[in-house]
Amino acid sequence: QVQLVESGGGLVQPGGSLRLSCATSGFTFSTHHMSWYRQAPGQERELVAQVMSTRHVTNYADSVKGRFTISRDNAKQSVDLQMNSLKPDDTAVYYCKATHQFYPDKRYYWGQGTQVTVSS
């Protein structure tokens, strides 16, 4: 059974930091690209950051470049998102996603999401 379980969300003041974690099981972690998405109320889900299965190449949305860092640990089958200098616009539900490196349209999995709220 495939499981992706996010943790680390919460309420933080503007300028603060949070670290999200996604623990996975039930699939071959090393063959999947890992991503963090977010969805704010009334908006579409958007890609925040991605780390590829090979060479651990990373990509970021322009809105988070220089503030967020994605990392993966194949031994622990987990992916983290370090979020610094948080802004109110970062408020959203953050989702972890695993996408197979060769079958991206057929083999992908989502976590249940974790709420991040940036507010004073």
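Because the structure is predicted, anything quoted here is derived from the model rather than measured.

> Can you lay out the pattern of salt bridges for me, pointing to particular residues and giving the numbers?
As enumerated under the stated definition, the model contains five salt bridges in all. A salt bridge links Arg38 to Glu46; its shortest N-O distance comes to 2.7 Å. Residue classification places Arg38 among the buried residues on the basis of a relative accessible area of 6%. Taking the shortest distance from any N to any O, the salt bridge between Asp62 and Lys65 comes out at 3.2 Å. Among the charged side chains, a network of salt bridges with common partners joins Arg38, Glu46, Arg67 and Asp90.

> Break down the state of the cysteines for me, with residues and values.
Inspection of the entire model under this criterion finds one disulfide. Across a sulfur-sulfur distance of 2.2 Å, Cys22 and Cys96 are joined as a disulfide pair. Handedness of the Cys22-Cys96 disulfide follows from its S-S torsion of about -85°: it is left-handed. Of this pair, Cys22 sits in strand β3 (residues 18-25) while Cys96 is found in strand β9 (residues 92-100), placing the two residues 74 residues apart along the sequence.

So, how was this worked out
- Residues numbered from 1 in each chain as written.
- Predicted model: local features only at pLDDT ≥ 70, side-chain atom pairs only at ≥ 80, totals over all residues.
- Heavy atoms only, no water.
- Salt bridge = Lys/Arg side-chain N within 4 Å of Asp/Glu carboxyl O.
- Buried < 20%, exposed > 50% of the residue type's maximum accessible area, 1.4 Å probe, protein only.
- Disulfide = S-S within 2.5 Å.
- Helix = DSSP H or I, 4+ residues; strand = E, 2+ residues; numbered from the N terminus.

Nothing here speaks to function; it is all geometry.
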